[in-house]
Amino acid sequence: MSKTDWSGLYAPTLDDFEALASAALAGLPEPFASLAADVTCSVAEYAEDEILQGFGMESPFELMGLFSGVGLTEDGATPQTGQMPNTVYLYRRAILDYWAENEDNTLGEIVTHVLIHELGHHFGFSDEDMEALEAEADKAGVPAFSED
């Protein structure tokens, strides 16, 4: 077993995360790709304190992503005047922390999972809806993201 030379390696940057998110978006199948075409993706180190407080979270490591906007099922298909675009936020440090604790998934798989989860809100799914869909996929033997 060879040792990895860590001296020249660094944690993925915000730009690296944006590249992973862009690749995940580019890989979306139709019709999802077209329906998510106007959703922007933004990467930040952590969620802002006000957002964490709104979810009752004490640590910025608790939130890996967030959807902000009006979902398609909430009449978000036709933006109102002055409405900001739907946005998915990915939080780099929380995702890196999760990745460090879970060896079963690559960083790209985790970023893709968080992005798709947040896009699910754009399509009108609740967290409970998405958990049920993942459970059904698991029962059917479809490989899924592992969240331990």
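The model shown is predicted, which means the values in this text are computed figures rather than measured ones.

Conventions and cut-offs
- Residues numbered from 1 in each chain as written.
- Predicted model: local features only at pLDDT ≥ 70, side-chain atom pairs only at ≥ 80, totals over all residues.
- Heavy atoms only, no water.
- Axes fitted to C-alpha atoms, helices over the stretch in contact; angles between N-to-C directions.
- Helix = DSSP H or I, 4+ residues; strand = E, 2+ residues; numbered from the N terminus.
- Parallel < 35°, antiparallel > 145°, perpendicular 65-115°, else oblique.
- Left-handed = near helix turned anticlockwise from the far one by under 90°.
- Contact = heavy atoms within 4.5 Å.
- Phe/Tyr/Trp six-rings, centres within 6.5 Å; stacked < 30°, edge-to-face > 60°.
- Buried < 20%, exposed > 50% of the residue type's maximum accessible area, 1.4 Å probe, protein only.
- Nonpolar A, V, L, I, M, F, W, Y, C, P; charged D, E, K, R; others polar.
- Expected span 1.5 Å × (residues − 1).
- Arc of directions from axis to C-beta.
- Polar contact = N/O pair within 3.5 Å; in protein donor to acceptor, adjacent residues only side chain to side chain.

> Teacher, can you tell me more about the packing of helix α5 (residues 107–122) against helix α6 (residues 127–139) here?
Between α5 and α6, the shortest axis-to-axis distance is 9 Å and the interhelical angle comes to 125°. Classified by the angle their axes make, α5 and α6 are oblique. The handedness of the crossing between α5 and α6 is right-handed. In this structure, α5 uses His113, His117, Gly120 and His121 to contact α6, whose residues at the interface are Asp127, Met130 and Glu134.

> Looking at this model, I keep getting lost on the packing of aromatic side chains. Mind explaining?
Each aromatic ring pair is characterised by the separation of its centres together with the angle its planes make. Throughout the structure, instances matching the rule amount to two aromatic pairs. Taken together, a centroid distance of 5.5 Å and an interplanar angle of 80° make the contact between Phe32 and Phe123 edge-to-face. Residue Phe32 is found in helix α2 (residues 32–35), and its partner Phe123 is found in the loop between α5 and α6; the two are separated by 91 residues along the sequence. The class for Phe32 is partly exposed, based on a relative accessible area of 40%. Summarising the aromatic geometry, the rings of Tyr46 and Phe61 are spaced 5.5 Å apart at their centres and angled 90° between planes, so their arrangement reads as edge-to-face. Placement of the pair is Tyr46 in the loop between β1 (40–44) and α3 (49–54) and Phe61 in the loop between α3 and β2 (65–68), with a sequence separation of 15 residues. Judged by its relative accessible area of 30%, Tyr46 falls in the partly exposed class.

> Help me out: how do you make sense of the packing of helix α1 (residues 14–26) against α5 in this one?
Relative to each other, α1 and α5 sit at 60°, their axes nearing to 9 Å. When the axes of α1 and α5 are compared, the crossing they make is right-handed. Residue-level inspection shows Phe17, Leu20, Ala21, Ala24 and Leu25 of α1 in contact with α5, the latter providing Leu107, Gly108, Val111, Thr112, Leu115 and Leu119. A class-by-class count of the residues in the contact of α1 with α5 yields nine nonpolar, two polar and no charged.

> What is the right way to look at unusual backbone geometry in this model?
Trans is the common state for peptide bonds, and a negative phi is the common state for residues other than glycine. Glu30 connects to Pro31 through a cis peptide bond whose omega is 5°. Within the element layout of this structure, Pro31 appears in the loop between α1 and α2.

> Just to check I follow, could you spell out α1 for this structure?
Residue pairs three or four apart in sequence face the same way in an α-helix, which turns once every 3.6 residues. Under the 1.5 Å per step criterion, the end-to-end length of α1 is 18 Å for 13 residues, consistent within 8% with the ideal 18 Å. Buried within α1 we find Phe17, Ala21 and Ala24. Buried residues of α1, viewed axially, fall in a sector of 55°; they line one side. In α1, those exposed residues whose orientation departs by more than 90 degrees from the buried face are Asp15, Ala23 and Ala26. For α1, the secondary structure elements touched by its buried residues are β1, β3 (87–91), α4 (92–101) and α5. By the N-cap criterion, in which a side-chain oxygen at the helix start approaches the backbone nitrogen of a residue two or three places on, α1 is capped by Thr13, the distance to Asp15 being 3.3 Å.

These values are about where atoms sit, not about what they do.
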